[in-house]
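Observations on the model geometry
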There are 2 protein chains.
Amino acid sequence: MVGEPGRNRRIPEAIVVRLPVYQRILAELLRGGTATVSSEELATRARVNAAKVRKDFSLLGWFGTRGTGYDTAYLATQIDRALGAARDWPVAIVGIGNLGRALAGSEGFSSHGFRVAWLFDADPSVVGHVVGSTRVAHVDELPAMLGAAHPAIGVIATPAVAAQQVADLLVAAGVPSILNFAPRLLTVPGEVLLRSVDLSIELQVMSFHLQQADGDLRRPAHWP
Amino acid sequence: MVGEPGRNRRIPEAIVVRLPVYQRILAELLRGGTATVSSEELATRARVNAAKVRKDFSLLGWFGTRGTGYDTAYLATQIDRALGAARDWPVAIVGIGNLGRALAGSEGFSSHGFRVAWLFDADPSVVGHVVGSTRVAHVDELPAMLGAAHPAIGVIATPAVAAQQVADLLVAAGVPSILNFAPRLLTVPGEVLLRSVDLSIELQVMSFHLQQADGDLRRPAHWP
């Protein structure tokens, strides 16, 4: 039984963020030849509880069979569809330093329908290089190249100081969504989808937990 | 009024993840000379609602003044304390490709108490290089170097195929927490804190929203 995921209702963001996690787990199960999977197994691997898995899927209109669980291949297809993985999402990356190169070369940026189609940098010593199979263009060429081509997603991997200016260029070129890796809060018009990734947030979440587990009074004597 | 954040109760993970976001906003406000901030202003910048901001802070024992808001500097100090930012958290990074270099050089990995103290790679052409001010050691040296030094956090930035083996090495060396950037689900003992960052998850969240906003029927004619 399948609903129309999210066409007529709003899927909570917390569920949207878990979908790629479920998707990766299902892909690993499929590679291992697993035909059906229980909510308990999915929950253990996704590090959530089984009731949450069942609630997430039922909200999206996907139901398992009692005693058997979910059809792995079917569930994977549904999640792919919800995430738009069957479509083509051309991506432009601005800032081709270590992070930009890592993103351009990452598996995640060249699967699930994503296709790194444009690379831009402001550094003349980087412009003209070919990364993957894409030539790095100068950021001055961005308005003309993207204004005509309409990428789905613009990725900002520049230093913080350049990020807002690059965001403005992407918005002016009509890019509907921006993924920002620069450590700077950006301002974009309300109709532009902006999400930010702070590579250090997870580190800080870890130090929070270490701090909680540890406490100044219980700090191990051997810690430097 | 200040409670003891989280010493005696469990802070929901969703709040922990928002603390670094609030922290960055407060740092920007402080740089701009803002002495007090309302929950509405924090909410707008953090892209949550004001009631959630007030609830987050009250759960942590932090309260604003009606009509005035929160003391910016005080709140920043409390969040730093909760996140353990005043402590020293030595970090080891394994995998010094583009991503490992980007992480080693990132502002977030050399602030908030974090200190990149060890770099490891398996590639002889990388071993011996100095990245930042740290020499890249061979991963074979990891057990001896980390077993004696006890880093707080191990970061895995290797290709997927090497990730589990590196996780096993880090666990064996007594590293209490692991941050994994490799696109692979890892298995570690229950007492080890493991968190994973999938650089493509945010891309997938974006394609979900683009898909929802767009729909196949309303796909713009100009989209390639």
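Residues numbered from 1 in each chain as written. Chains lettered and ligands numbered in written order. Predicted model: local features only at pLDDT ≥ 70, side-chain atom pairs only at ≥ 80, totals over all residues. Heavy atoms only, no water.

**Describing the relation of the copies chain A and chain B**
- Mapping chain A onto chain B calls for a screw motion: a turn of 180° about the axis and a shift of 0.0 Å along it, with 0.0 Å RMSD after fitting. Between the two chains, the operation in question is that of a two-fold axis. Closest approach to the rotation axis within chain A is made by the C-alpha atom of A:Asn98, at a distance of 2.4 Å.
- Comparing interface residues between copies, 100% of those in chain A also lie at the interface in chain B; the contact surface is shared. (Least-squares fit on C-alpha atoms with pLDDT ≥ 70 in both. Contact = heavy atoms within 4.5 Å.)

**Here's the deal with the confidence of the model for chain A**
Residues and elements named next belong to chain A.
- Averaged over all residues, the pLDDT of chain A is 86; the fraction at 70 or higher stands at 91%.
- Mean pLDDT across the elements of chain A bottoms out in helix α8 (residues 201–214) (83) and peaks in strand β6 (residues 134–138) (97).
- Low confidence marks residues 1–8, where pLDDT is under 50. Its contacts with residues over four positions away, or in another chain, come to 19 contacts.
- Scoring the predicted complex yields pTM 0.78 and, for the interface, ipTM 0.79. (pLDDT = per-residue confidence, 0-100. Helix = DSSP H or I, 4+ residues; strand = E, 2+ residues; numbered from the N terminus.)

**Structural notes on the packing of helix α5 (residues 98–105) of chain A against helix α5 (residues 98–105) of chain B**
- Axis separation between α5(A) and α5(B) bottoms out at 8 Å; the angle between their running directions is 145°. Relative to α5(B), the crossing made by α5(A) is left-handed. Across from A:Asn98, A:Leu99, A:Arg101 and A:Ala102 in α5(A), the residues of α5(B) making contact are B:Asn98, B:Leu99, B:Arg101 and B:Ala102.
- Considered class by class, the residues forming the contact of α5(A) with α5(B) number four nonpolar, two polar and two charged. (Axes fitted to C-alpha atoms, helices over the stretch in contact; angles between N-to-C directions. Left-handed = near helix turned anticlockwise from the far one by under 90°. Nonpolar A, V, L, I, M, F, W, Y, C, P; charged D, E, K, R; others polar.)

**Structural notes on the domain arrangement of chain A**
- When cut into domains, chain A gives domain 1 (13–82) and domain 2 (89–201).
- For domain 1 of chain A versus domain 2 of chain A, the distance between C-alpha centres works out to 31 Å. (Domains from an automatic or database assignment.)

**What about the interface of chain A and chain B?**
- Counting residues at the interface gives 76 residues for chain A, matched by 76 residues for chain B.
- Both faces combined, the contact of chain A with chain B buries some 7100 Å², and carbon together with sulfur accounts for 63% of it.
- For the pair chain A and chain B, the interface holds four salt bridges.
- A salt bridge links A:Arg195 to B:Glu202; its shortest N-O distance comes to 2.3 Å.
- In this structure, the connection of chain A to chain B is made through 12 residue pairs in polar contact (both at pLDDT 80 or more).
- If you list the elements that add at least two residues to the side of chain A that touches chain B, you get α1 (13–31), α4 (72–82), β3 (89–94), α5, β7 (153–156), β8 (177–180), β9 (193–196) and α8 of chain A.
- For the side of chain A that touches chain B, the leading source of residues is α8(A), giving 13 residues.
- Taken together, the residues of the side of chain A that touches chain B break down into 42 nonpolar, 16 polar and 18 charged. (Buried area = accessible area lost by both parts, 1.4 Å probe. Salt bridge = Lys/Arg side-chain N within 4 Å of Asp/Glu carboxyl O. Polar contact = N/O pair within 3.5 Å; in protein donor to acceptor, adjacent residues only side chain to side chain.)

**A look at the nonpolar core**
- Counting 52 residues, the largest nonpolar core has A:Ile93, A:Val155, B:Ile93 and B:Val155 as the members making the most contacts within it.
- Contacts of A:Val155, omitting those with residues within four sequence positions, involve A:Val91, A:Ala92, A:Ile93, A:Val94, A:Leu103, A:Phe109, A:Leu179, A:Phe181 and B:Leu203. (Core = buried A, V, L, I, M, F, W, Y, C linked by side-chain atoms within 4.5 Å. Buried < 20%, exposed > 50% of the residue type's maximum accessible area, 1.4 Å probe, protein only.)

**Considerations on the side chain of B:Arg87**
- In this structure, B:Arg87 sits in the loop between α4 (72–82) and β3 (89–94).
- On the accessibility criterion, B:Arg87 (11% relative accessible area) is buried.
- Of note is the side chain of B:Arg87, whose polar atom sits 3.3 Å from the side chain of A:Gln211.

**What to know about helix α7 (residues 160–172) of chain B**
Residue and element names in this part refer to chain B.
- Every buried residue belonging to α7 is among Ala160, Ala163, Val166, Ala167 and Leu170, and all of these are buried. For α7, the arc enclosing every buried residue in end-on projection is 110°, short of the 170-degree limit, so these residues lie on one face. Opposite its buried face, α7 presents the exposed residues Val161, Gln165 and Ala172, each directed more than 90 degrees away. (Arc of directions from axis to C-beta.)

**Some points on α4(A)**
All names here are of chain A.
- Taken residue by residue, α4 has Thr72, Leu75, Ala76, Gln78, Ile79 and Ala82 as its buried positions. The buried side chains of α4 occupy one side of the element, clustering within an arc of 165° when seen end-on.
- Capping of α4 at its N-terminal end is provided by Asp71; its side-chain oxygen lies 3.2 Å from the backbone amide nitrogen of Ala73.
- With its phi angle positive at about 70°, Gly84 sits one or two positions after the end of α4.

**Describing the pairing of β3(A)**
All names here are of chain A.
- For β3, the buried fraction is high: six of the six residues fall into the buried class.
- Residues Trp89, Val91 and Ile93 of β3 are buried on one face, and the alternating residues Pro90, Ala92 and Val94, pointing to the opposite face, are buried as well.
- As paired elements, β3 and strand β4 (residues 114–121) share six bridges and run parallel to each other. By the bridge assignment, Ile93 is partnered in β4 with Leu119.
- Following the backbone out of β3, through α5 and into the adjacent parallel β4, one traces a crossover that is right-handed.
- Pairing of β3 with β7, which is carried by four bridges, proceeds in the parallel orientation. Across the sheet, Ala92 pairs through a bridge with Gly154, a residue of β7. (Pairing = 2+ DSSP bridges. Right-handed = clockwise from strand over helix to strand, strands pointing away.)

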